[in-house]
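# Notes for the structure review
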Amino acid sequence: MGNWDPLIAAIVERGVAEIFPGGAAALAERLARTDRPLRIKLGIDPTRPDLHLGHSVVLRKLRQFQDAGHVAILLIGDFTALVGDPTGQSEARPRLTPAEVEENARTYLDQAGQILDFDTPGRLELRRNSEWLAGLTLTEIIELQAQMTLGQMLAKEDFAQRYQAGTPVYLHEFLYPLLQGYDSVVLQADVELGGTDQRFNLLTGRDLQLWKGQPPQFCLTVPLLEGLDGYQKMSKSKNNYVGLTEDPLTMYSKLEKVPDHLVERYFELLTQVPLAELPENPRERQVLLAKTIVTQFHSAAVAEAAQRAAQSLVLQGIPQETGSIPEFSLAQLQYPAKLSYILRESGLCKSAADARRQIQGGAVRLDGQKIEDPEIEFLSSEQLEGKILQVGKKFFRRLVRMAD
RNA sequence: GGGUCGAUGCCCGAGGGGUUAAAGGGGGCGGACUGUAAAUCCGCUGGCUUACGCCUACGUUGGUUCAAAUCCAACUCGGCCCA
């Protein structure tokens with residue numbers, strides 16, 4: 001392709017699934033020629049409380065646009081979250097309450113702030129689509145719906161699959177692409193970003209902009225990041241994710257285990273490390289990946305510490321960097337305290353019965369020493385203070401006495 | 001509106017009056033192994049810190065039975081077909 005400005009090249013070349021119309025060259029040209037900052041739209045529905053690395057791919061892309069001088073329009077889909085985007089779901093989403101949406105929106109902004117430039121004036125426009133969607137009249141909704149046919153809707157993969165599989169497809173779900181497209185009209189987006197699963201919705205935006213006499217937006221899709229299981233899309237519900245707010249040790253521990261066949265992809269989508277410079281040794285690659293990403297979200301020093309903690313954890317079974325282990329206050333327990341009870345209260349196990357099973361399975365250690373007796377109990381916090389309670393190889397609690 | 005089939009644990013899915021906390025698979029967790037992981041093998045996979053005990057569970061409600069996920073009725077929700 002062309003010899004583009006490095007900022008533009010970064011935008012159109014790395015971490016891109018598809019750009020349309022016209023591909024990377026067309027967008028690059030548009031970016032190079034513009035005499036004003038372009039309006040780059042990214043919509044996120046606050047349907048869950050936490051963002052993960054999968055979301056960060058598109059957020060990073062949006063950040064690149066900011067760095068090149070354009071306006072990031074971060075659209076919180078507080079209204080569309082109530083509709084439920086059927087995209088990528090094999091079934092209709094549960095409807096959320098407005099309170100849940102509001103709560104999620106707040107945490108999203110905190111997390112997005114780790115990646116986007118919230119500070120430089122003029123680089124960020126924060127909007128909520130309830131601003132205009134909540135007030136649509138039935139007449140306007142009907143007009144919107146008149147822009148698309150059933151056949152066009154059924155061209156959307158998810159709808160077609162579900163329809164053929166005999167799973168229910170509700171009519172309100174048809175509204176979703178139209179509403180998302182209408183957002184582009186209102187925001188006068190020049191470019192809209194999204195995952196590849198957003199293709200249909202992004203295109204709907206172009207159709208509706210044309211209908212309203214606007215120049216249609218460019219659409220840039222980013223690949224969907226596979227999760228830690230190595231195959232399925234990263235998602236919280238599949239528990240194959242790395243959360244943006246996770247503590248450094250957890251983040252590091254997860255990332256140093258990314259399956260070999262995905263390591264390069266993670267580098268490509270989640271870092272700026274030149275792919276040609278990756279180490280040969282697969283283990284070194286994983287380590288570099290984990291350190292690079294933890295550094296991005298925290299700092300180089302923290303990443304180093306996490307690495308040391310993770311290493312000593314493997315070698316000796318106990319993290320030396322005790323500062324990176326979550327603490328658990330013994331003051332909130334009632335004594336005598338069964339170990340299974342402590343395990344549950346501390347969040348290491350989901351129930352006392354589960355804790356008992358973990359003990360029987362040989363997974364539980366106290367200060368590195370394996371506990372065999374599921375009935376073991378402690379008479380006071382003194383027996384436990386300062387010790388490290390461990391389940392399996394990954395989960396730790398440092399027992400402390402402070403009351404809080 | 002009518003007909004018909006269906007609703008089971010995180011998911012899929014067996015079971016069709018008692019021995020069913022409910023087969024099997026997936027997923028998850030743990031153990032062994034390894035460069036972490038993957039693959040493989042093994043174990044666990046409702047809850048209760050008081051446990052040869054109690055509680056909750058097969059769409060909902062009610063009924064028949066000594067006894068129901070299993071039978072009956074109504075209802076709710078879905079698929080398909082007819083209008």
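Residues numbered from 1 in each chain as written. Chains lettered and ligands numbered in written order. Predicted model: local features only at pLDDT ≥ 70, side-chain atom pairs only at ≥ 80, totals over all residues. Heavy atoms only, no water.

A volume near 720 Å³ is recorded for the second largest pocket. What lines the second largest pocket is a set of 24 residues, and nearest its centre among them are Glu246, Thr250, Lys254, Lys394 and Phe395. Only helix 12 (248–255) and strand 13 (395–400) provide two or more residues apiece to the lining of the second largest pocket. In terms of residue count, helix 12 provides more of the lining of the second largest pocket than any other element does, four residues in total. The residue inventory of the lining of the second largest pocket, partitioned by class, reads ten nonpolar, six polar and eight charged. (1 Å grid on protein atoms, 1.4 Å probe; cavity = no way out; pocket = protein on both sides within 12 Å on 5 of 7 lines; lining within 4 Å. Points joined across faces, edges and corners; volume = space filled by probe spheres on them. Helix = DSSP H or I, 4+ residues; strand = E, 2+ residues; numbered from the N terminus. Nonpolar A, V, L, I, M, F, W, Y, C, P; charged D, E, K, R; others polar.)

Further remarks concern the protein's contact with RNA strand B. Around RNA strand B lies a shell of 27 residues, among which Lys338, Arg344, Ser351, Arg357 and Gln358 are the nearest. If you look at RNA strand B and keep only atoms within 4 Å of the protein, 72% of those are sugar or phosphate atoms. With respect to RNA strand B, the side chain of aspartate 260 contributes an N or O atom lying 3.5 Å from a base nitrogen. At a separation of 3.2 Å, a base oxygen of RNA strand B approaches a polar backbone atom of proline 336. The set of elements that each furnish at least two residues to the surface near RNA strand B consists of helix 14 (282–297), strand 8 (337–338), helix 16 (339–345) and helix 17 (352–360). Its residues placed into classes, the surface near RNA strand B shows ten nonpolar, eight polar and nine charged. (Near = heavy atom within 4 Å. Polar contact = N/O pair within 3.5 Å; in protein donor to acceptor, adjacent residues only side chain to side chain.)

With that settled, consider the sheet that holds strand 5 (residues 191–195). Taken in spatial order, the six strands of this open sheet run 1-6-5-2-3-4, and their pairing is mixed. On the outer flanks of this sheet lie strand 1 (18–20) and strand 4 (124–128), each paired with one strand and no other. On average, each strand axis in the sheet is tilted by 20° relative to the strand beside it, whichever way the strands run. Sheet topology places strand 5 next to strand 6 (residues 218–222); five bridges connect them, and they run parallel. The residue of strand 6 that forms the bridge with valine 191 is phenylalanine 218. Sitting on the sheet, helix 5 (residues 98–112) touches strand 2 (39–44), strand 3 (71–76) and strand 4, and the angle it makes with strand 3 is about 155°. (Pairing = 2+ DSSP bridges. Axes fitted to C-alpha atoms, helices over the stretch in contact; angles between N-to-C directions. Contact = heavy atoms within 4.5 Å.)

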